[in-house]
Amino acid sequence: MRIPLLDLGSQLIPLRQEIIDAVTKVIDSTTYIQGPEVIGLESEVADYCNTTSAIGVSSGTDALLVALMALKIGPGDRVLTTSYSFFATMGVILRCGAKPVFADIDPVSYNIDPVAMAAVLENDTEKSIKAIIPVHLYGQCADMTAIMALAKQYDIPVIEDAAQAIGAEYPSGSGNWLRSGSMGIAGCFSFFPSKNLGGIGDGGMVVSNDSTFGELVRMLRNHGAEPKYYHAEIGGNFRLDPIQATVLRIKLKHLEDWHAARRENAITYNALFAETSLIEEQKLQLPVAVYKEQAELSGKSRNYHIYNQYILAVENRDGLIKWLSSRDIGCEIYYPLCLHEQECLARLISKPVLPHAEKAARSTLALPVYPELTLDMQRYVVDQIVAFYQS
Ligand SMILES: *Cc1c(COP(=O)(O)O)cnc(C)c1O
């Protein structure tokens, strides 16, 4: 049985004709920049995320970059973030001329640890930290209550890197569930094809509940022009393509069902692995997410995880990858190096001590969790992992 890490083909089949018709309509309209499809998607994503503004942009990376530009982050500034993320999280900081400063992760959720953040902020005697970028890694929100409390205490804006987490939810103190991206000054999404809401190319979105900030981002994504050819600000060409927007509007209608299917697959994996002795023998550690349903029951849990990735920490990772690959089972390391270990950073900052992030980078592995995965496929994946550790 061949099981890819992600199967976009099976997602496409039921939507194919609708997508072709919608793209054809954009082609025939001859409106190829901005236009009604982009505006329509922006309004639907704002509704979906419970924000007042949503601005379509060219990628998740550009969403982060334009948000930092709107905050006027530049040389001499530092931005507090996690070292265990995709490169874009740090790349945008460096492209603004600023430098990253890292806090270690919580080894259970893999998200930035507010306790470690507090220590970094306390040491920032020169007050050079001008923004905080928590990442909602793998589809699970970072600990936003604690992060927003620190941000308030130090009066530093928060940009949520929610590239992997559109639709993930976090409980506010008052018992309401807040959508990822709606808690900081800006939330940044990616529509890269492998994200839960993926286009047929690159795309992204910035959401905000601060309409002044939202309008500034809207201006910056189009070279800072307002009106056309008058530039009070320096922005860039960060516009979202209407062909992507029209496809994303079709897919957005299915997003909740896809999240539900991914969450069910994660529950199934957890149950299948629990039937084995692998956890007891410390061969692997399951991803820890607390489900909304259980959270409501126990009243103390945190997150509505949307499982962009299902991540195990495993013993003998290299051996397991070889074993799975030879059996046609897709898997991937996200990410083999921490950001602070990247060569391009070495000449810019001295190496921080981040043992939990480094341990995660050395031990974690993503398994297929896409919505169309069947129970038989999941059984096969788990059986093959059991066989590996018995061999
Ligand atoms: C995918 C991703 C990005 C960048 O998104 P692109 O659309 O690929 O530019 C940024 N941060 C994280 C955490 C991501 O996973």
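Up top is the structure.
Described below are features of the structure shown in this document. (Residues numbered from 1 in each chain as written. Predicted model: local features only at pLDDT ≥ 70, side-chain atom pairs only at ≥ 80, totals over all residues. Heavy atoms only, no water.)

1. What about the site of the ligand?
As a matter of local geometry, the ligand sits amid 16 residues, with Gly60, Thr61, Gln164, Ser190 and Lys195 nearest to it. Side-chain polar atom of Asp161 to a nitrogen atom of the ligand: 2.8 Å apart, as the coordinates give it. Lys195 has a polar side-chain atom sitting 2.9 Å from an oxygen atom of the ligand. Contact with the protein chains removes 93% of the 380 Å² of surface that the ligand exposes when unbound. Here the ligand is seated within the largest pocket. Elements with a minimum of two residues in the shell around the ligand: α4 (60-70) and α5 (88-95). The element that contributes the greatest number of residues to the shell around the ligand is α4, accounting for 3 residues. Among the residues forming the shell around the ligand, the class breakdown is 6 nonpolar, 8 polar and 2 charged. (Near = heavy atom within 4 Å. Polar contact = N/O pair within 3.5 Å; in protein donor to acceptor, adjacent residues only side chain to side chain. Areas by Shrake-Rupley, 256 points an atom, 1.4 Å probe, with all protein chains shown as cover. 1 Å grid on protein atoms, 1.4 Å probe; cavity = no way out; pocket = protein on both sides within 12 Å on 5 of 7 lines; lining within 4 Å. Sits in = over half its atoms within 2 Å of the grid points. Helix = DSSP H or I, 4+ residues; strand = E, 2+ residues; numbered from the N terminus. Nonpolar A, V, L, I, M, F, W, Y, C, P; charged D, E, K, R; others polar.)

2. Digging into empty space enclosed by the protein
Using the criterion set out here, one finds 2 cavities of 30 Å³ or more in the structure. In this model, the largest cavity occupies a volume close to 80 Å³. The wall of the largest cavity is formed by 14 residues, among which Leu6, Leu8, Gln11, Lys195 and Arg262 lie closest to the centre. Composition of the lining of the largest cavity by domain shows at least three residues from each of domain 1 (8-104 + 111-252) and domain 2 (255-390). Every residue along the wall of the second largest cavity is listed here: Val108, Ser109, Tyr110, Leu137, Tyr138, Gln140, Pro287, Val288, His305, Gln309 and Ile311. (Points joined across faces, edges and corners; volume = space filled by probe spheres on them. Domains from an automatic or database assignment.)

3. Digging into the sheet that holds strand β3 (residues 99-103)
Pairing within the open sheet is parallel, and its 3 strands lie in the order β3-β2-β4. Of all the strands in the sheet, the pair left with one neighbour each is β3 and β4 (129-133). Mean inter-strand twist for the sheet, computed between neighbouring axes without regard to direction, equals 30 degrees. Where strand β2 (residues 78-82) and β4 come together, 4 bridges link them in parallel fashion. Bridge assignment links Val79 to a residue of β4, and that residue is Ala131. Sitting on the sheet, helix α6 (residues 114-123) is in contact with β2, β3 and β4, with an inclination near 130 degrees to β3. (Pairing = 2+ DSSP bridges. Axes fitted to C-alpha atoms, helices over the stretch in contact; angles between N-to-C directions. Contact = heavy atoms within 4.5 Å.)

4. Examining helix α9 (residues 242-252)
α9 sits mainly inside the fold: 9 of its 11 residues count as buried. Taken residue by residue, α9 has Pro242, Gln244, Ala245, Thr246, Val247, Leu248, Ile250, Lys251 and Leu252 as its buried positions. On its buried face, α9 is in contact with α1 (8-12), α2 (16-29), α3 (36-49) and α10 (255-274). Regarding α9, its N-cap is Asp241, as a side-chain oxygen of that residue lies 2.8 Å from the backbone nitrogen of Ile243 further along. (Buried < 20%, exposed > 50% of the residue type's maximum accessible area, 1.4 Å probe, protein only.)

Function-wise, these values are silent; they only describe arrangement.
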